[in-house]
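Residue-level listing of the chains:
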Amino acid sequence: MARKIPKIAVYKFASCDGCQLSIVDLEDELLEIGQRFEIAYFMEVTRAVKKGPYDVGLVEGSISTPHDVELIKSIRKDCKKLVAIGACATAGGIQALRNWASVEEFSKYVYAKPEYIQTLEKSSPISEYVQVDLELRGCPVNKYQLLEVLSALLAGRKPNTPTYSVCMECKRKGNVCVTVAKGIPCLGPVVQAGCGALCPTYSRGCYGCFGPMESPNVKSLASKFIELGMDKKDIVLMFREFTGWSKEFREVDRLIEE
Amino acid sequence: MKNRVKTVKVDYLARVEGEGALYIKVKGNEVLDVKFKIFEAPRFFEAFLRGRKYYEVPDITARICGICPIAYQMSSVHAFEDVFGAKVDGPLRELRRFIYCGEWIESHALHAFLLHAPDFLGYDDAIRMAKDHPDIVKKALIVKKIGNDIMARLGGREIHPVSVCVGGFYKVPTKRQMEALREDLKKGMDLSVELLRWVADLKFPDFEQDYEFVSLRHPDEYPFNEGRIVSNKGLDIQIREYEDNFVEEHIPYTNALHSYIKGRGSYMVGPLARINLNYDKLWDLTKDTLKSVGFKVPCRNPFKSIIARCAEMLYSFEEALRIINEYKEPNGPRIDYEIKAGRGFGCTEAPRGALYHRYDVAADGTVLSAKIVPPTAQNQKRMEDDLRAMAPSVMKLPYEKAVWRFEQAVRNYDPCISCATHFLKLEVEHS
């Protein structure tokens, strides 16, 4: 029985383009994706635009301007299923560092005429403004997880993506723990798996691309870092990077002081 | 009728990286207005880099661009090595060129075949183009994948790789791991010869300008990470002199910061500029293939940048193979250096052109100030000058064709708006 080909739309907000690029980086599967889905809106790839509604919307980037707020609301109406992809769309991204600073001062520092800049005080994940059906983590997303999400959407099932920590992946790879063996601070124990424990494999600590795992013990890890002789300020910096604005990491400074 | 005002508007330019728009207004032969607008949200990288530690900067600036993260990592590590007086040499320097080859290959293959080639043949996108030209698109995807593979082998993943750091790498490959890439690289090199021949055969609009081409130039090699900044009109400076020679200016009609060379004007960075200024440094296979398709430097037709891009793709395979042949495992993944206060400069050749970084650092390695000038920001004024120069003749085409030609002309520059935005002015006039 012939099935209706689902219409897919890919949107971009404040971001580096890396997550939507991950689709194009599926070189072996790209042409087939183009057959299994009707690519109805994907500005980075095609100038052809088909009108909504769409079966699936993939959203990259964080909400950071008044215009974004309006746009994401209309996108939500246009898409039956809305999937937020990447650290910007799921945690506000690196640009959420403004959330602890004055965006006015930031504008003045970067732009000669800050009065022209229209921007919100905060950079926020998509879920802050609209209901999201699925979140895929990563800075960038893992392209094979993205493929799993696309396959799951086609099959009408739930995607199989882990919620456990990077440590699990690291152990499975047979890596020696960089923190225990070398005293290198690593966010692995509190960060969600998905990257394949990349950084520890490269002899460095995890820096948190995939955001917090389910129920992370941030406080305990931070005290381990203090034991290693790390400065409190540097510990805060470590958590406040690509997924720093996630709920679980956001208040790391307070947790350290407790 | 003849002097009717005609306007072309493209509200959201497709097949470029990021969000931009076009606006062109012509009356007869007189061009009234040309705008290449940026409406991507600002992310304030330079502002939030202040207070970060120097060792975080290569990871953070990589996030300016998902297509050219290595360029951001390379310009930043060179700037910090400049502050600390560290000189990365030997196999570590070679590995930096090697990973850059990977980025040029994936980025050039992406742009030339998935974003730009469809314009020459009248397809909306490469997926549609693949229905009629499956062979070319598939070959380009294979080449792109090999480029990505180089980045992933050295850096763990193709987008935002994790191995580059100040002083070298977190981890370096063994001789054997490098050898394992050899067969793929040979295959990629052969395919790149075919792809280069194919693009050289496309039909190019007749359009030339008297450009000032700007790129790095190095006495011994085609430029990636080091050299002097030179132009075909007499510029020849050290990287640290960049800001004495290039300025950004507010142009009232766009509210955009435009780069230009002091006392002259707009200029072009990127593959066409690089090849015009460094042709003698290409390897033989690339030179011979270019010769056989009749490509000569200087080339002043920006539509032919697709040829330069594919030539650099081929060169990158030649260079990567040379590096594998000569590779000796370094003594350690990175060199020692002493953290100290100071100011440092870095400029490397991103796929889209020169990418300039400057940082001030405190004695404990905290960043005090940052300045980043991405290639697209440098090309923006030049893009508009191209559009202005071609507008009177292009406007004579039927509307749809004119729109498409202007889009194609912007894509000649492979603009990367995500990169440019954190420093360019936003266009606030929403129509």
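Residues numbered from 1 in each chain as written. Chains lettered and ligands numbered in written order. Predicted model: local features only at pLDDT ≥ 70, side-chain atom pairs only at ≥ 80, totals over all residues.

Let us now look at the overall build of chain A. Counting its regular elements, chain A contains 13 helices and 5 strands. By the compact-globule yardstick of 18 Å for 258 residues, chain A fits well, its C-alpha radius of gyration being 20 Å. Each of the three principal axes of chain A carries a C-alpha extent, and together these read 60 × 50 × 25 Å. Residue pairs at least 24 apart in sequence account for 73% of intrachain contacts in chain A once pairs closer than 6 positions are excluded. (Helix = DSSP H or I, 4+ residues; strand = E, 2+ residues; numbered from the N terminus. Rg over C-alpha atoms; globule rule 2.2 N^0.38 Å. Contact = placed C-beta atoms within 7 Å.)

Looking only at helices and strands, one finds 15 helices and 13 strands in chain B. For a compact globule of 431 residues, the expected C-alpha radius of gyration is about 22 Å, and chain B comes in at 21 Å, within 12% of that figure. Along the longest, intermediate and shortest principal axes, the C-alpha atoms of chain B span 75 × 45 × 35 Å. With 431 residues in all, chain B has 57% of them scored as buried. (Buried ≥ 20, exposed ≤ 12 C-beta atoms within 10 Å, placed from the backbone.)

For the rest of this paragraph, the subject is the sheet that holds strand 5 (residues 134–136) of chain A. Residues and elements named next belong to chain A. One open sheet accounts for 5 strands, arranged 2-1-3-4-5; its pairing is parallel. Whereas interior strands pair on both sides, the edge strands pair on one side only; in this sheet they are strand 2 (38–42) and strand 5. Adjacent strand axes in the sheet meet at a mean angle of 20 degrees, parallel and antiparallel pairs treated alike. Bridging between strand 1 (residues 7–12) and strand 3 (residues 54–60) involves 5 bridges; their strand directions are parallel. Of the residues in strand 3, the one forming a bridge with Ile8 is Val56. This element, helix 6 (residues 143–155), spans strand 3, strand 4 (79–85) and strand 5 of the sheet and lies at about 160 degrees to strand 5. (Pairing = 2+ DSSP bridges. Axes fitted to C-alpha atoms, helices over the stretch in contact; angles between N-to-C directions.)

Turning our eyes to something else, we now look at helix 11 (residues 284–292) of chain B. Residues and elements named next belong to chain B. By the burial criterion, the buried members of helix 11 are Thr286, Thr289 and Leu290. For helix 11, the arc enclosing every buried residue in end-on projection is 100 degrees, short of the 170-degree limit, so these residues lie on one face. Turned more than 90 degrees away from the buried face of helix 11 sit Asp284, Asp288, Lys291 and Ser292, all of them exposed. If you follow the buried residues of helix 11, they end up packed against helix 8 (182–200) and helix 12 (305–326). Of the residues flanking the end of helix 11, it is Gly294, one or two places downstream, whose phi is positive at about 80 degrees. (Arc of directions from axis to C-beta.)

A few words now on helix 5 (residues 103–110) of chain A. Residues Val103, Phe106, Ser107 and Val110 of chain A constitute the buried set of helix 5 of chain A. Along the axis of helix 5 of chain A, the buried positions cluster into a sector of 100 degrees, meaning they face one direction only. Taken together, the buried residues of helix 5 of chain A touch helix 1 (45–49) of chain B.

Let us now look at the packing of helix 4 (residues 90–121) of chain B against helix 14 (residues 399–411) of chain B. Residue and element names in this part refer to chain B. As a packed pair, helix 4 and helix 14 sit with axes 10 Å apart at the nearest point and diverge in direction by 145 degrees. By crossing handedness, the relation of helix 4 to helix 14 is classed as left-handed. The residues of helix 14 that touch helix 4, namely those facing Leu115, His116 and Asp119, are Trp404, Gln408 and Arg411. Considering only residue class, the contact of helix 4 with helix 14 consists of 2 nonpolar, 2 polar and 2 charged. (Left-handed = near helix turned anticlockwise from the far one by under 90°. Nonpolar A, V, L, I, M, F, W, Y, C, P; charged D, E, K, R; others polar.)

All names here are of chain A. Annotation of chain A at the domain level lists domain 1 (7–155) and domain 2 (166–257). The centre of domain 1, based on its C-alpha atoms, is set 26 Å off from the matching centre of domain 2. Each side of the interface is counted separately: domain 1 has 14 residues, and domain 2 has 13 residues. For the side of domain 1 that touches domain 2, the leading source of residues is helix 4 (residues 86–91), giving 3 residues. Counted by class, the side of domain 1 that touches domain 2 contains 6 nonpolar, 7 polar and 1 charged residues. (Domains from an automatic or database assignment.)

Size of an interface, as often reported, equals the accessible area lost when the parts are brought together. The partner chain B presents 51 residues to the 52 residues of chain A that form the contact. Per element, the largest residue contribution to the side of chain A that touches chain B is 4 residues, and it comes from helix 1 (residues 18–24) of chain A. Looking at the side of chain A that touches chain B residue by residue, the class counts come to 29 nonpolar, 12 polar and 11 charged.

Now for the sheet that holds strand 3 (residues 30–38) of chain B. All names here are of chain B. Read from one edge of the open sheet, 3 strands run 1-2-3, paired in antiparallel fashion. Two strands bound the open sheet, and with one partner strand each, they are strand 1 (5–10) and strand 3. Averaged over all pairs of adjacent strands, the angle between their axes in this sheet comes to 5 degrees, without regard to strand direction. As paired elements, strand 2 (residues 20–27) and strand 3 share 8 bridges and run antiparallel to each other. What sits directly across from Leu22, in strand 3, is Phe36. Across the sheet, helix 14 is in contact with strand 1, strand 2 and strand 3; its angle to strand 1 comes to roughly 55 degrees.

For the rest of this paragraph, the subject is the environment of Lys7 of chain A. All names here are of chain A. Mapped onto the elements, Lys7 comes out in strand 1. Lys7 sits in the buried class, given 21 other C-beta atoms within 10 Å. Note: C-alpha distance between Lys7 and Val132 (125 residues apart in sequence) is 18 Å. Ignoring anything within four residues of it in the chain, the contact list for Lys7 reads Glu38, Ala40, Lys50, Tyr54 and Asp55.

Counting 214 residues, the largest nonpolar core has Val59 and Ile85 of chain A together with Ile150 and Cys310 of chain B as its most contacted members. Per element, the largest residue contribution to this core is 14 residues, and it comes from helix 4 of chain B. (Core = buried A, V, L, I, M, F, W, Y, C linked by C-beta atoms within 7 Å.)

Trans peptide bonds make up most of the peptide bonds, and negative phi angles are found at most residues other than glycine. Residues and elements named next belong to chain A. The step from Gly52 to Pro53 runs through a cis peptide bond, and the omega angle for that step is 0 degrees. Its location among the elements puts Pro53 in the loop between strand 2 and strand 3. Cis geometry marks the peptide bond from Cys139 to Pro140, where omega comes out at 5 degrees. Its location among the elements puts Pro140 in the loop between strand 5 and helix 6. Residue Asp17 is not a glycine yet carries a positive backbone phi of 80 degrees. Its location among the elements puts Asp17 in the loop between strand 1 and helix 1. For Asp17, a count of 27 C-beta atoms within 10 Å translates into the label buried. Here Ser203, not a glycine, exhibits a phi torsion of approximately 60 degrees, which is positive. Relative to the helices and strands, Ser203 is located in the loop between helix 9 (198–201) and helix 10 (218–227).

Our focus in this paragraph is the confidence of the model for chain B. Residue and element names in this part refer to chain B. Across chain B, the average pLDDT comes to 92, with 94% of residues at 70 or higher. Contacts of residues 422–431 to residues separated by more than four positions or lying in other chains number 38 contacts, the stretch itself having pLDDT below 50. As a predicted assembly, this complex carries a pTM of 0.95 together with an ipTM value of 0.97. (pLDDT = per-residue confidence, 0-100.)

Once that is clear, we can look at the environment of Leu22 of chain B. All names here are of chain B. Relative to the assigned elements, Leu22 resides in strand 2. Under the C-beta neighbour-count criterion, Leu22 is labelled buried, with 22 such atoms within 10 Å. In sequence terms Leu22 and Asp184 are 162 residues apart; their C-alpha atoms lie 40 Å from each other.

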